[in-house]
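# Structural characterization, general
Each chain, letter by letter, is given below.
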Amino acid sequence: MASFPPRVNEKEIGKLLLNLVDHTEVVRDLTFAPDGSLILVSASRDKTLRVWDLKDDGNMMKVLRGHQNWVYSCAFSPDSSMLCSVGASKAVFLWNMDKYTMIRKLEGHHHDVVACDFSPDGALLATASYDTRVYIWDPHNGDILMEFGHLFPPPTPIFAGGANDRWVRSVSFSHDGLHIASLADDKMVRFWRIDEDYPVQVASLSNGLCCAFSTDGSVLAAGTHDGSVYFWATPRQVPSLQHLCRMSIRRVMPTQEVQELPVPSKLLEFLSYRI
C-alpha cells in the first residue's frame, strides 16, 4: 500500500491526492493532530467525527459518536492526546485520542457551541457559543475558570438560548497563552487577556465568521461572510517569567498532578489558572 504523502515533482503539485468519502452531510471542520502523525479528524453535520490516517492512504480509523446534533468544530490539544468537539444543543465533548473514547461532556453553555481552541500548554480550553459567551475551561476536570461575556448585563438563560445580536462565532488562543480573540455578531473583534474580565482592545468587523492568530501571535486574521479577510496587529505584552514557567509545567502536567505538588496553595492556584 502506498504511503501518504507520495513523492511528487513540481509538475504534480496541486494534484488531488486523496478523496475521503464517508460523511453523509456537510463537513464543517478539519483538524490535524499536532504531533505530525498525519491523523486527521473531520467534524460533520451528520453528528459524527471521523478519524483518518493519511499515512495509510486515508484509512478511516474510527467514528466518534455522541453528538445528538450537528458538530460545528473540533480541536486537538497540543500534545494530541485529547480532542474537543463542539456542536448544536449546547454540546462540548472531550475525547481520549489514544483510546478513542469520550472523557466527559462539559456543561454550562445555553445555546449552540460553534468554536473551540486549546491554549498552547493544553491547560485551558476556550469555547464560543451563540449564548453570547466565551468560556475558559480546565479540560482536565471540566471546571469553568473564566467567562467572557459579549452582552452586558449577561442575558438570562432563556434569552441566551434564543435569537440575539451577540452570537459569538469564533474564538482563538494566541501562542503566548495570555490572549484570546473572539468574533461576535455585534460587528466587533475583541482581544482578551486570560486574567481580565473585559476586553483589552476592540476593533470593528462586520459579518465576522472565523479568526486565527499568526504563529508569533503578532497578527490576527479574520474571515467574513462576504468573502473578505482582514488583519490586525494584536496587543503585545512580554509574558512574565512566572507565566512562562507555568506554561512549561502545564505542558507536561495535568491539573490532577499539579494539585498534588507540595507547594503553597497560592502557587497551586496560579499553576491551575485560578488567579
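Residues numbered from 1 in each chain as written. Predicted model: local features only at pLDDT ≥ 70, side-chain atom pairs only at ≥ 80, totals over all residues. Heavy atoms only, no water.

The name recorded for the protein chain in an unreviewed UniProt entry is WD repeat and SOCS box-containing protein 1, from Macaca nemestrina. Listed under Function (unreviewed entry) in UniProt, the entry text for the protein chain is "Probable substrate-recognition component of a SCF-like ECS (Elongin-Cullin-SOCS-box protein) E3 ubiquitin ligase complex which mediates the ubiquitination and subsequent proteasomal degradation of target proteins. Recognizes type II iodothyronine deiodinase/DIO2. Confers constitutive instability to HIPK2 through proteasomal degradation." (UniProt positions renumbered as here; feature names shortened; annotations may be inferred.)

Take the nonpolar core next. Counting 19 residues, the largest nonpolar core has Leu 124, Ile 136, Ile 180 and Ile 194 as its most contacted members. Within the residue set of this core, elements represented by two or more residues are strand 10 (125-129), strand 11 (133-138), strand 12 (143-149) and strand 13 (168-173). Contact partners of Ile 180, with chain neighbours within four places excluded, come to Ile 136, Phe 148, Val 171, Ser 172, Phe 173, Arg 190, Phe 191, Trp 192, Ile 194 and Phe 213. Grouped together as the second largest cluster of nonpolar side chains are 15 residues, Ile 39, Val 51, Leu 64 and Ala 91 included. (Core = buried A, V, L, I, M, F, W, Y, C linked by side-chain atoms within 4.5 Å. Buried < 20%, exposed > 50% of the residue type's maximum accessible area, 1.4 Å probe, protein only. Helix = DSSP H or I, 4+ residues; strand = E, 2+ residues; numbered from the N terminus. Contact = heavy atoms within 4.5 Å.)

Before going further, it helps to spend a moment on the pattern of salt bridges. Under the counting rule described, the total for this entry stands at 10 salt bridges. The residue Arg 50 makes a salt bridge to Asp 22 at a minimum N-O spacing of 2.3 Å. In this pair, Arg 50 is assigned in strand 3 (residues 48-53) and Asp 22 in the segment before strand 1 (27-32), connecting sequence segments 28 residues apart. Classification of Arg 50 as buried rests on a relative accessible area of 7%. The shortest N-O distance in the salt bridge between Asp 165 and Arg 166 comes to 2.8 Å. (Salt bridge = Lys/Arg side-chain N within 4 Å of Asp/Glu carboxyl O.)

The relation between two aromatic rings is expressed through the spacing of the ring centres and the mutual angle of the planes. For the structure on display, the rule yields 7 aromatic pairs. Ring geometry for Tyr 130 against Trp 167: centres 4.0 Å apart, planes inclined by 10°, an arrangement best described as stacked. Of this pair, Tyr 130 sits in the loop between strand 10 and strand 11 while Trp 167 sits in the loop between helix 1 (157-160) and strand 13; the two residues are 37 residues apart in sequence, bridging distant segments of the chain. Taking relative accessible area as the criterion, Tyr 130 reaches 9% and is therefore assigned buried. The interplanar angle of 85° and the centroid separation of 5.7 Å between the aromatic rings of Tyr 135 and Trp 137 together place this pair among those described as edge-to-face. Classification of Trp 137 as buried rests on a relative accessible area of 0%. Three or more aromatic residues joined by ring pairs make a cluster, and in this case those are Trp 70, Tyr 72, Tyr 130 and Trp 167. When the ring centre of Trp 70 is taken as reference, the NZ or CZ atom of Arg 45 above it lies at 4.0 Å. Across the ring face of Phe 270, the terminal group of Arg 246 is positioned such that the distance to the ring centre comes to 4.0 Å. (Phe/Tyr/Trp six-rings, centres within 6.5 Å; stacked < 30°, edge-to-face > 60°. Lys NZ or Arg CZ within 6 Å of the ring centre and 35° of its normal.)

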